Amino acid sequence: MPVSDAAPDWKAKNQLPLYDRILQAAGTAMEQEGIDALRLDRVARAVGCSRSSLYRYFDAKEALILAVLEKRVIAMAQRIEIELEPVEDPADRLITGIVRAVELAHSDPQFVALFSEPNSPTVVRIAGTALPQLLEPVIGALLPLAADGGLLPEDVPTEEAARWVVMIVVGLLTFDSSRAADRDALVQYLERFLIPSLTGAGTWRRQPS
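Everything quoted here is computed from the prediction, not taken from an experiment. (Residues numbered from 1 in each chain as written. Predicted model: local features only at pLDDT ≥ 70, side-chain atom pairs only at ≥ 80, totals over all residues. Heavy atoms only, no water.)

### Quick word on the overall build of the chain
For step 1, the next point in the chain: On a plain count of helices and strands, the chain comes out with 11 helices and 0 strands.
For step 2, the next point in the chain: Within the chain, the fraction of its 209 residues that count as buried is 42%.
For step 3, the next point in the chain: Excluding contacts between residues fewer than 6 apart, the proportion of contacts in the chain whose partners are at least 24 apart in sequence is 70%.
For step 4, the next point in the chain: Counting only carbon and sulfur atoms, one obtains 52% of the accessible surface of the chain, whose full area is about 11500 Å². (Helix = DSSP H or I, 4+ residues; strand = E, 2+ residues; numbered from the N terminus. Buried < 20%, exposed > 50% of the residue type's maximum accessible area, 1.4 Å probe, protein only. Contact = heavy atoms within 4.5 Å. Areas by Shrake-Rupley, 256 points an atom, 1.4 Å probe, with all protein chains shown as cover.)

Here it is, written out as structure tokens:
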């Protein structure tokens, strides 16, 4: 059912805090109506609060979208961390973590809403700037072991490698969805290109002209 324009009083007992209810209502609207259809005033009505109350937390539509996605990313990162506990090989850990991040993003309703509107100006801005920032902690958590295990050369900063890997993941999610949806193809792609590029990072040098 579409998000209702009316809701119980947000101050009523036994309800989630207002901030959480705003995220919940916004996430539902994103799933049902799409990213571009999201409106702050409608979210406020769905929650049952005034627009001024909502604006105390979010003064712009994109800020609200990012907060919804950030909450999902935190849950995603926690799940991946648990699943990777038995994986010791650094390359296998990195590939498995990326594959799971892509799979979880593609199965999450809020992220599906994001990727279903690739030509939207709002989505382009989020995918190009904010989405990498959201995903960086997830990928960054996979790389320290890779550095300690010798996957990354000593002179390659882990933070720089993490940012580069994040851009690969964002590209898979936004521009190469067919490969991202095929687990075997994705694993082969990462084995063939990602791992060699990391293990050999910093070895190539431009020859002086």
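The structure having been displayed, the exposition proceeds.
### Looking at helix α11 (residues 183-199)
For step 1, the next point in the chain: With 17 residues, α11 extends 23 Å between its outermost C-alpha atoms, agreeing within 8% with the 24 Å of an ideal straight helix rising 1.5 Å per residue.
For step 2, the next point in the chain: In the structure, α11 departs most strongly from a straight axis at leucine 190, where the bend amounts to approximately 35 degrees.
For step 3, the next point in the chain: Of all the positions in α11, only Leu186, Leu190, Leu194, Ile195 and Leu198 are classed as buried.
For step 4, the next point in the chain: Taken together, the buried residues of α11 touch α5 (90-107), α9 (158-175) and α10 (177-180).
For step 5, the next point in the chain: At the N-terminal end of α11, a side-chain oxygen is found 3.2 Å from the backbone nitrogen of aspartate 184, two or three residues along, and the residue is aspartate 182. (Expected span 1.5 Å × (residues − 1). Bend = angle between axes of the 7 residues up to and from the residue. Polar contact = N/O pair within 3.5 Å; in protein donor to acceptor, adjacent residues only side chain to side chain.)

### Thoughts on the pattern of salt bridges
For step 1, the next point in the chain: Enumeration over the complete set of coordinates arrives at 7 salt bridges.
For step 2, the next point in the chain: Across the pair arginine 79 and glutamate 83 runs a salt bridge whose closest N-O atoms are separated by 3.2 Å. Pair noted here: arginine 79 and glutamate 83 are both in helix α4 (residues 61-83), with a separation of 4 residues, about one helical turn.
For step 3, the next point in the chain: Classification of glutamate 83 as partly exposed rests on a relative accessible area of 31%.
For step 4, the next point in the chain: Several salt bridges converge on common partners, so that one network encompasses Arg79, Glu83, Arg100, Glu103 and Arg183. (Salt bridge = Lys/Arg side-chain N within 4 Å of Asp/Glu carboxyl O.)

### Describing the packing of helix α1 (residues 18-33) against α4
For step 1, the next point in the chain: Two numbers describe how α1 lies on α4: the axes approach to 9 Å, and their chain directions differ by 95 degrees. Put simply, α1 runs roughly perpendicular to α4. Along the contact surface, α1 presents Tyr19, Asp20, Ile22, Leu23, Ala26, Gly27 and Met30, while α4 presents Leu64, Ile65, Ala67, Val68, Leu69 and Lys71. (Axes fitted to C-alpha atoms, helices over the stretch in contact; angles between N-to-C directions. Parallel < 35°, antiparallel > 145°, perpendicular 65-115°, else oblique.)

### Description of the side chain of glutamine 110
For step 1, the next point in the chain: Looking at the secondary structure, you find glutamine 110 in helix α6 (residues 109-115).
For step 2, the next point in the chain: Residue classification places glutamine 110 among the buried residues on the basis of a relative accessible area of 8%.
For step 3, the next point in the chain: At a separation of 3.5 Å, a polar atom in the side chain of glutamine 110 contacts the side chain of arginine 72.
For step 4, the next point in the chain: What glutamine 110 contacts, discounting residues up to four positions off in sequence, is Gly27, Thr28, Met30, Glu31, Val68, Leu69 and Arg72.

### Some thoughts on the environment of leucine 134
For step 1, the next point in the chain: Looking at where leucine 134 falls in the secondary structure, it is placed in helix α7 (residues 121-140).
For step 2, the next point in the chain: Considered as a pair, leucine 134 and isoleucine 74 are 60 residues apart in the sequence and their alpha carbons are 8.9 Å apart.
For step 3, the next point in the chain: Setting aside residues up to four positions removed in sequence, leucine 134 forms contacts with Leu66, Leu69, Glu70 and Val73.

### Observations regarding the nonpolar core
For step 1, the next point in the chain: Within the largest apolar cluster, 68 residues are counted, with the highest numbers of intra-cluster contacts made by Val43, Leu64, Leu94, Ile98 and Phe111.
For step 2, the next point in the chain: Contributing elements (two or more residues each) for this core: α1, α2 (40-47), α4, α5, α6, α7, α9 and α11.
For step 3, the next point in the chain: A total of 9 residues in this core trace back to one element, the largest contributor, which is α5.
For step 4, the next point in the chain: In this view, valine 43 contacts Ile22, Ala25, Ala26, Leu38, Leu54 and Leu64; residues no more than four positions away in its chain are not counted. (Core = buried A, V, L, I, M, F, W, Y, C linked by side-chain atoms within 4.5 Å.)

### Focus: the environment of proline 157
For step 1, the next point in the chain: Position of proline 157 relative to the elements: it lies in the loop between α8 (143-148) and α9.
For step 2, the next point in the chain: Residue proline 157 is classed as partly exposed on the basis of its relative accessible area, which comes to 34%.
For step 3, the next point in the chain: Residues proline 157 and proline 144, spaced 13 residues apart in sequence, show a C-alpha to C-alpha distance of 10.0 Å.

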